[in-house]
Amino acid sequence: MISIPVEHGLLLATILFCLGLLGVLVRRNIIFVLMSMEIMFNAVGLAFITGGSRWQQADGQVMFMLVLTLAAAEVAVGLALVLQLYKKFKTVDIDVVSDMKG
């Protein structure tokens, strides 16, 4: 069976994490920021899976399940927050939300 080298998996995880970080820093739409955070979570999960397969341990898969659980909680809380902010400000622009008072 042909396997993917560990370096390739970690390189892909690094590229995905950097793209997600760039999306968090550059975008102004809250939905896109949440999507970029999901990309970062998936990159971390890929790194755990790659490391676990390198050492033939199931620890990477267990940590990936924890990452998936945290990502699901982040989506639930994030989307609820976005809905409430949209109801109040009628936009999902981060700059408008940063002007909140009291």
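Use the structure listed above.
So, here is what we can say about the structure in this document. (Residues numbered from 1 in each chain as written. Predicted model: local features only at pLDDT ≥ 70, side-chain atom pairs only at ≥ 80, totals over all residues. Heavy atoms only, no water.)

**A word on the packing of helix H1 (residues 6-26) against helix H2 (residues 30-54)**
Right, so step 1: For the pair H1 and H2, interaxial distance at closest approach is 8 Å and the crossing angle is 165 degrees. Relative to H2, the element H1 is oriented roughly antiparallel. The crossing of H1 and H2 is left-handed. The segment H1 lies against H2, with Val6, Gly9, Leu10, Leu12, Ala13, Leu16, Phe17, Gly20, Leu21, Gly23 and Val24 engaging Val33, Ser36, Met37, Ile39, Met40, Ala43, Val44, Leu46, Ala47, Thr50 and Arg54.
Right, so step 2: Looking at the contact of H1 with H2 residue by residue, the class counts come to 16 nonpolar, five polar and one charged. (Axes fitted to C-alpha atoms, helices over the stretch in contact; angles between N-to-C directions. Helix = DSSP H or I, 4+ residues; strand = E, 2+ residues; numbered from the N terminus. Parallel < 35°, antiparallel > 145°, perpendicular 65-115°, else oblique. Left-handed = near helix turned anticlockwise from the far one by under 90°. Contact = heavy atoms within 4.5 Å. Nonpolar A, V, L, I, M, F, W, Y, C, P; charged D, E, K, R; others polar.)

**As for the nonpolar core**
Right, so step 1: Formed by Ile30, Leu34, Val82, Leu85 and Val97, the largest nonpolar core amounts to five residues.
Right, so step 2: Of all the elements in the fold, those that place two or more residues in this core are H2 and helix H3 (59-89).
Right, so step 3: In contact with valine 82, not counting residues within four places along its chain, are Ile30, Ile31, Leu34 and Val92. (Core = buried A, V, L, I, M, F, W, Y, C linked by side-chain atoms within 4.5 Å. Buried < 20%, exposed > 50% of the residue type's maximum accessible area, 1.4 Å probe, protein only.)

**Observations concerning the side chain of serine 36**
Right, so step 1: Along the chain, the position of serine 36 falls in helix H2.
Right, so step 2: When its relative accessible area of 9% is taken as the criterion, serine 36 is described as buried.
Right, so step 3: Sequence-distant contacts of serine 36, defined by excluding residues within four places in its chain, comprise Gly20, Gly23 and Val24.

**Some thoughts on the pattern of salt bridges**
Right, so step 1: Under the criterion given, the structure shown has one salt bridge.
Right, so step 2: Two residues, arginine 28 and aspartate 95, come together in a salt bridge whose shortest N-O distance is 3.8 Å. Of this pair, arginine 28 sits in the loop between H1 and H2 while aspartate 95 sits in helix H4 (residues 94-97), and the two are 67 residues apart along the sequence.
Right, so step 3: The exposure class of arginine 28 is partly exposed, given its relative accessible area of 46%. (Salt bridge = Lys/Arg side-chain N within 4 Å of Asp/Glu carboxyl O.)

**Details of the environment of glutamate 38**
Right, so step 1: Examined against the element boundaries, glutamate 38 turns out to sit in helix H2.
Right, so step 2: According to the relative accessible area criterion, glutamate 38 is buried, its value standing at 19%.
Right, so step 3: Considered as a pair, glutamate 38 and leucine 68 are 30 residues apart in the sequence and their alpha carbons are 9.5 Å apart.
Right, so step 4: If near-sequence neighbours (up to four positions away) are discounted, glutamate 38 is found in contact with Ala71, Glu74 and Val75.

**Observations concerning H1**
Right, so step 1: With 21 residues, H1 extends 30 Å between its outermost C-alpha atoms, agreeing within 8% with the 30 Å of an ideal straight helix rising 1.5 Å per residue.
Right, so step 2: Among the residues of H1, those classed as buried are Gly9, Ala13, Gly20 and Gly23. Relative to the axis of H1, the buried residues are bounded by an arc of 90 degrees and lie together on one face. Turned more than 90 degrees away from the buried face of H1, the exposed residues are Glu7, Leu11, Leu19, Leu22, Leu25 and Val26.
Right, so step 3: Turning to H1, the residues buried within the fold contact H2. (Expected span 1.5 Å × (residues − 1). Arc of directions from axis to C-beta.)

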